[in-house]
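Spelled out from the first residue to the last, the chains are:
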Amino acid sequence: MYMSGQWAGGDVQIMLGLSFLFTSANINSNMSFVSLFINIMIAGGIYGLFGTLIMGVVKYKKLKKYLKFYDIPIVVFGAIAIISSFLLLPFPLNLFIPAILFLLIAMRYMYLISTTVAFVKTPSSKLEEGDWIAEEIRDHEGRIVVKPKATGLSKRDIEKIKSNSIGEVLVKIGLPFIPGIFLGVLITILLGNPLLSIFLSSLP
């Protein structure tokens, strides 16, 4: 997760600490690390999805110029399909099918948001370790100083940027994953493994 750029260094440290607390080998247990990881992925995914969509709503004035003529109809017909499948399909399909449809529709807008409005120009003096740059940083002679990488900027990268007197850098805005981890911990402690419970309850 860290090497793919999904988690920052602080997230990895938190997960390391949690691995010493959630040690049960029983995946039905409220102290199972497997259940914790599954819940964190689900809670973090939902948090990231809605966080990104909210970012798009907040920056809609900038985002709307990138919308295509088919984007609004996709939302309208998608909403009808989601509501219909929720009301007409039997359990647990009435939970999974609407969720899949919602994700398919949301992927279009998440892609638009992440490639258009999720960037901000940041002074080099305010750069922090782990910041994700949106493009190659070049000096005044056009030579590459730093290339984008999944793990973000290192201290050495920031020093290179500052030493080359580069004033501003285009940085990708990322949602902190700590709320997703916190939600996953709460779900695990209170409910155990809800996904497994739903699956087992659907078996004949």
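Asks: I'd love a proper account of the overall build of the chain, names of residues and values included.
Replies: For the chain, the count of helices and strands is 8 helices and 5 strands. The C-alpha atoms of the chain give a radius of gyration of 21 Å, which is well past the 17 Å a tight globule of 204 residues would have. In terms of principal-axis extent, the alpha carbons of the chain reach across some 70 × 50 × 20 Å. Counting across all 204 residues of the chain, residues that qualify as buried make up 30%. When contacts within the chain are restricted to residue pairs at least 6 apart in sequence, long-range pairs at least 24 apart make up 69% of them. With 18 positive and 12 negative side-chain charges, the chain shows a separation of 7 Å between the mean positions of the two kinds.

Asks: Just give me the short version of the nonpolar core, but keep the residues and values in it.
Replies: Formed by Leu127, Ile133, Ile137, Val145, Val146, Leu153, Ile158, Ile161, Ile166, Val169 and Val171, the largest nonpolar core amounts to 11 residues. Contributions of two or more residues to this core are made by strand 4 (144-146), helix 6 (155-163) and strand 5 (168-172). Apart from the residues lying within four places of it in its own chain, the contact partners of Ile161 are Ser124, Leu127, Ile137, Val145, Val146, Leu153, Ile166 and Val169.

Asks: Let's hear about the layout of surface pockets: which residues, and what values?
Replies: Considered as a void within the structure, the second largest pocket measures approximately 340 Å³ in volume. Lining the second largest pocket are 17 residues, with Leu53, Val75, Ile105, Ala106 and Tyr109 positioned closest to its centre. Elements represented by at least two residues in the lining of the second largest pocket include exactly helix 2 (33-58), helix 3 (60-63), helix 4 (71-88) and helix 5 (93-116). Here the residues of the lining of the second largest pocket sort into 14 nonpolar, 2 polar and 1 charged.

Asks: Can you break down the pattern of salt bridges residue by residue, with the values?
Replies: All chains considered together, the criterion is met by 5 salt bridges. Residues Arg138 and Glu136 are paired through a salt bridge, measuring 3.0 Å at the closest nitrogen-oxygen approach. Relative accessible area serves as the criterion here: at 43%, Arg138 is assigned to the partly exposed category. For Glu136, a relative accessible area of 35% gives the class partly exposed. A salt bridge links Arg143 to Asp139, with the shortest nitrogen-to-oxygen separation between them at 2.9 Å. A cluster of three or more residues bridged by salt bridges with shared partners is formed by Asp139, Glu141 and Arg143.

Asks: Lay out helix 7 (residues 178-191) with the relevant residues and their values.
Replies: For helix 7, built from 14 residues, the straight-helix expectation of 20 Å at 1.5 Å per residue is met to within 8% by its first-to-last C-alpha distance of 20 Å. Every buried residue belonging to helix 7 is among Gly180, Ile181, Gly184, Val185 and Thr188, and all of these are buried. Relative to the axis of helix 7, the buried residues are bounded by an arc of 140° and lie together on one face. Facing away from the buried side of helix 7, by more than 90 degrees, are the exposed residues Phe182, Leu190 and Leu191.

Asks: Which residues make up the side chain of Ser85, and what values go with them?
Replies: Turning to its location among the elements, Ser85 is positioned in helix 4. Looking at Ser85, the relative accessible area reads 10%, which means it is buried. In this structure the side chain of Ser85 is engaged in a polar contact, spanning 2.9 Å, whose partner is the backbone oxygen of Ala81. The residues contacting Ser85, other than those within four sequence positions of it, are Asn94, Ile97, Pro98 and Leu101.

Asks: Tell me what's going on with the sheet that holds strand 1 (residues 119-123), and back it up with residues and numbers.
Replies: Spatially, 3 strands are ordered 1-5-2 in an open sheet, and the strand pairing comes out antiparallel. Where the open sheet ends on each side, the last strands, each with one partner, are strand 1 and strand 2 (132-133). Where strand 2 lies against strand 5, 2 bridges are found, and the strand directions are antiparallel. Within strand 5, the residue paired with Ile133 across the bridge is Val171.

Criteria and cut-off values
- What you see as residue numbers is a count from 1 along each chain, following the sequence as written.
- Totals for whole chains, interfaces and linings use all residues, but because this is a predicted model, local features are given only for residues with pLDDT of at least 70 and pairs of side-chain atoms are given and counted only at 80 or more.
- The basis for every side-chain value is the complete set of non-hydrogen atoms in the structure, without hydrogens or water.
- Each helix corresponds to a stretch of at least 4 residues labelled H or I by DSSP, and each strand to a stretch of at least 2 residues labelled E; elements are numbered beginning at the N terminus.
- Restricting the calculation to C-alpha atoms gives the radius of gyration, and the globule rule supplies 2.2 Å times the number of residues raised to the power 0.38.
- The buried label applies to any residue whose accessible area, calculated with a 1.4 Å probe on protein chains only, is under 20% of its type's maximum; exposed applies above 50%, and partly exposed to all values in between.
- Any two residues whose heavy atoms approach within 4.5 Å at even a single point are treated as in contact.
- In this tally, Lys and Arg are treated as positive and Asp and Glu as negative; His is ignored, and so are the chain termini.
- Just so you know, the charge point we use is NZ for Lys, CZ for Arg, CG for Asp and CD for Glu.
- Think of a nonpolar core as a cluster: buried Ala, Val, Leu, Ile, Met, Phe, Trp, Tyr and Cys residues, connected wherever their side-chain atoms sit within 4.5 Å.
- Using a 1 Å grid laid over the protein atoms alone, points where a 1.4 Å probe fits but cannot get out form a cavity; open sets with protein on both sides within 12 Å along at least 5 of 7 lines form a pocket; any residue with an atom within 4 Å of a point counts as lining.
- Grid points are joined across faces, edges and corners, and a volume is the space filled by probe spheres set on the points.
- Nonpolar residues are Ala, Val, Leu, Ile, Met, Phe, Trp, Tyr, Cys and Pro. Charged residues are Asp, Glu, Lys and Arg, and all others, Gly as well, are polar.
- For this analysis, a salt bridge means a side-chain nitrogen from Lys or Arg found within 4 Å of a carboxyl oxygen belonging to Asp or Glu.
- Under the convention used throughout, the expected extent of a helix is 1.5 Å for every residue step, that is, one less than its residue count.
- By definition, the arc is the one covered by directions from the helix axis to the C-beta atoms.
- Nitrogen and oxygen atoms within 3.5 Å of one another constitute a polar contact, given that in protein one can donate a hydrogen and the other can accept it, and given that sequence-neighbouring residues count only through two side-chain atoms.
- A pair of strands is treated as paired once DSSP finds two or more bridges between them.

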